[in-house]
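# An overview of the molecular structure
Chain residues, written in single-letter form:
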Amino acid sequence: MENSKGQWSSNFGFLMAAIGSAVGLGNIWGFPYKMGANGGGAFLLIYVILVVFVGFAVMLGELAIGRRTGKGAVGAYRALSRKLTWVGYMGVGSAFLILGFYSVLGGMVMRYMLGFLVNLFGGDGFGAEGFFGSWIANMPGMVGFYALFMLLNITIVMGGISGGIEKFSRIAMPALAVMLVTVIVYVACQPGAMEGYKFMFVPDFSVFDSLKSFFSVLKAAAGQMFFSLSLGMGAMITYGSYLSKSEDLNRNAIIIPVADTIVAIMAGMAVMPACSAFGMDYGQGPGLLFNTLQTVFMDGMGGFIGNLMGFLFYTLVFIAAITSSISLLEVNTAYIIDRKLEKGKKANRRSITAIMGAVIFIVGLPTALDGLGTNVAGGALINNPAITFGLPSVGATADWLDFYDMIAEGILMPLGSLAMSIIIGWVFGSRMIKEEATCSGHVYKGEKFYNICFRYIVPVIMVIVLYAQIQTFFG
Ligand code: PFF
């Protein structure tokens with residue numbers, strides 16, 4: 001493998017890696033909460049419609065661009081046309097920014113996993129009450145576990161495509177499924193679980209009563225869908241570039257979003273009823289994943305079984321997180337490898353991955369050092385962007401995590417995806433997608449449908465997402 005690029009060894013391996021990228025923290029805490037807060041079953045309906053009309057097309061588009069050019073995001077757009085390189089940079093830029101804070105959260109998940117493991121062996125894995133509050137201000141702890149999580153990412157990505165990412169994902173993803181089903185079944189047996197299902201699924205059709213409420217649900221669902229499907233950040237372009245020409249692109253572009261959506265619903269079926277069964281507020285954000293659920297497992301379920309379920313749960317969240325974060329690291333690694341190869345130089349995957357991981361670690365450090373917005377007053381080492389730069393206090397400046405996320409998920413991601421749909425729908429035509437989808441002798445099913453998606457539906461939805469993100473972060 002002289003050029004250090006590599007290829008998936010099988011379509012199954014590719015699917016496990018790609019579904020692994022899609023299934024992540026976004027599925028496990030973002031989806032259930034947003035669903036409950038935005039009309040339950042009505043949100044689900046809109047979400048599924050969006051997956052069908054936007055998710056499938058963008059997934060196909062990204063995989064096709066990747067496979068056709070055999071390059072990561074920047075190289076791929078540059079190969080299409082030199083004038084389009086900037087679109088690739090938007091994807092790589094947002095993957096770069098997201099990987100840092102995603103890994104801070106991944107490190108926290110590892111700490112919780114370890115805590116429940118210690119409990120299982122009769123120790124005291126969490127110490128005093130209010131562990132979450134004290135942990136986010138524990139700087140050596142936060143940074144240490146962040147570093148550990150990043151090191152694991154580097155180790156896997158250094159192993160290459162089939163020998164690292166695929167090898168890990170094809171074991172980890174089935175394990176995740178087994179653990180998730182175990183937790184779902186146990187939770188379903190608890191009295192009071194029903195309330196949680198109701199919170200999630202009972203459709204509140206009043207969201208269709210006014211244009212305003214419909215738009216607000218549409219915005220929430222569309223933003224969630226892009227993040228959850230790992231779109232707009234070059235991840236699927238990069239993963240697609242390692243896929244053999246003989247595989248069925250069209251079918252893969254449907255399997256990944258369907259699997260991701262099923263896991264998101266399943267995650268909700270574990271998390272929401274677990275909260276309701278033990279009288280906990282569904283809450284949102286980090287509080288739900290770390291504070292609420294720890295209490296559910298330790299105090300609600302309690303005893304050996306509570307610790308066991310807690311350990312299983314945080315282990316599956318860890319798998320979900322790391323199979324996503326390695327795709328973000330790979331986007332960055334592939335960018336440098338492509339650059340070197342284009343210049344006719346040798347590319348050493350191991351050192352490139354290590355350097356990239358280290359740089360991202362440093363850039364992401366503020367998201368750990370402000371204690372998720374705890375600030376110096378609360379015991380953290382630095383202050384949030386609002387205090388540091390004397391900015392107005394809005395969502396995007398409340399902590400460094402949201403600040404980075406605003407640039408990445410709020411601006412770069414929707415702009416990049418809007419550009420991509422216009423490029424495919426209006427500039428290159430869909431000929432390129434068709435050639436890719438049929439080059440292996442497979443039929444390109446739904447060609448007319450996809451053309452309509454690329455030309456009209458995706459651009460409109462992307463404008464809505466962009467508008468919504470800006471509103472969320474600055475509102
Ligand atoms: N899809 C992941 C999640 O739902 O948590 C996050 C993610 C991974 C987004 C990779 C983008 C990406 F390129």
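The structure displayed is predicted, hence computed values, not measured ones.

Scanning the protein chain from N- to C-terminus turns up 19 helices and zero strands. Its C-alpha atoms give the protein chain a radius of gyration of 21 Å, within 12% of the compact-globule value 23 Å for 475 residues. Taken along the three principal axes of its C-alpha coordinates, the protein chain extends 60 × 55 × 45 Å. Taken across its 475 residues, the protein chain has 59% of its residues classed as buried.

On to the site of the ligand. The environment of the ligand is formed by 15 residues, the closest being Ala22, Leu25, Gly26, Tyr102 and Phe227. Between the ligand and the protein, one listed contact pairs an oxygen atom with a backbone N or O atom of Leu25 at 3.0 Å. Separating a nitrogen atom of the ligand from a backbone N or O atom of Phe227 is a distance of 2.8 Å. Compared with its free state, where it exposes 340 Å², the ligand has 100% of that area covered by protein. Placement of the ligand is best described as lying within the largest cavity. Listed by contribution, the elements that provide at least two residues to the shell around the ligand are α1 (11–22), α2 (25–37), α10 (211–228) and α14 (303–342).

Under the counting rule described, the total for this entry stands at 11 salt bridges. A salt bridge links Arg349 to Glu330, with the nearest nitrogen and oxygen atoms 2.8 Å apart. One end of the pair, Arg349, is in helix α15 (residues 349–369); the other, Glu330, is in helix α14, with 19 residues separating them in the sequence. Overall, the relative accessible area of 7% leaves Arg349 in the buried class. Connected through shared salt-bridge partners, Arg67, Lys245 and Glu436 make up one network.

Take the nonpolar core next. Within the largest apolar cluster, 165 residues are counted, with the highest numbers of intra-cluster contacts made by Ile256, Leu289 and Phe313. Sequence-distant contacts of Leu289, defined by excluding residues within four places in its chain, comprise Leu25, Ile28, Trp29, Val109, Phe313, Tyr314 and Val317.

The next subject is helix α18 (residues 431–438). Every buried residue of α18 is accounted for by Met432, Ile433, Glu436 and Ala437. Each buried residue of α18 sits inside an arc of 130 degrees when the element is viewed along its axis, so together they form one side.

Turning next to the packing of aromatic side chains. Considering all chains together, one arrives at 36 aromatic pairs under this definition. Ring centres of Phe297 and Tyr314 lie 6.3 Å apart, and the angle between their planes is 70 degrees; on these two criteria the pair is classed as edge-to-face. Note that Phe297 is positioned in helix α13 (residues 285–301) and Tyr314 in helix α14, a separation of 17 residues in sequence. Like Phe297, the residue Tyr314 is buried in the burial classification.

Now for empty space enclosed by the protein. Considering all chains together, one arrives at two cavities of 30 Å³ or more under this definition. Approximately 130 Å³ is the volume found for the largest cavity. Lining the largest cavity are 16 residues, with Ser21, Tyr102, Phe227, Ser230 and Ser324 positioned closest to its centre. Contributions of two or more residues to the lining of the largest cavity are made by α1, α2, α5 (85–120), α10 and α14. Approximately 90 Å³ is the volume attributed to the second largest cavity. In terms of lining, the second largest cavity is formed by 14 residues, of which the most central are Tyr77, Val87, Gly91, Gly232 and Gly234. Contributing elements (two or more residues each) for the lining of the second largest cavity: α4 (73–80), α5 and α17 (400–427). Residues that form the lining of the second largest cavity fall into these classes: seven nonpolar, six polar and one charged.

Our next topic: unusual backbone geometry. Look at Ser230: it is not a glycine, yet its phi comes out positive at around 60 degrees. Here Ser230 shows up in the loop between α10 and α11 (235–240). Despite not being glycine, Asn375 has its phi angle at roughly 65 degrees, a positive value. Within the fold, Asn375 resides in the loop between α15 and α16 (385–389). By relative accessible area, which is 11% here, Asn375 ends up buried.

Cut-offs used in this document
- Residues numbered from 1 in each chain as written.
- Predicted model: local features only at pLDDT ≥ 70, side-chain atom pairs only at ≥ 80, totals over all residues.
- Heavy atoms only, no water.
- Helix = DSSP H or I, 4+ residues; strand = E, 2+ residues; numbered from the N terminus.
- Rg over C-alpha atoms; globule rule 2.2 N^0.38 Å.
- Buried < 20%, exposed > 50% of the residue type's maximum accessible area, 1.4 Å probe, protein only.
- Near = heavy atom within 4 Å.
- Polar contact = N/O pair within 3.5 Å; in protein donor to acceptor, adjacent residues only side chain to side chain.
- Areas by Shrake-Rupley, 256 points an atom, 1.4 Å probe, with all protein chains shown as cover.
- 1 Å grid on protein atoms, 1.4 Å probe; cavity = no way out; pocket = protein on both sides within 12 Å on 5 of 7 lines; lining within 4 Å.
- Sits in = over half its atoms within 2 Å of the grid points.
- Salt bridge = Lys/Arg side-chain N within 4 Å of Asp/Glu carboxyl O.
- Core = buried A, V, L, I, M, F, W, Y, C linked by side-chain atoms within 4.5 Å.
- Contact = heavy atoms within 4.5 Å.
- Arc of directions from axis to C-beta.
- Phe/Tyr/Trp six-rings, centres within 6.5 Å; stacked < 30°, edge-to-face > 60°.
- Points joined across faces, edges and corners; volume = space filled by probe spheres on them.
- Nonpolar A, V, L, I, M, F, W, Y, C, P; charged D, E, K, R; others polar.

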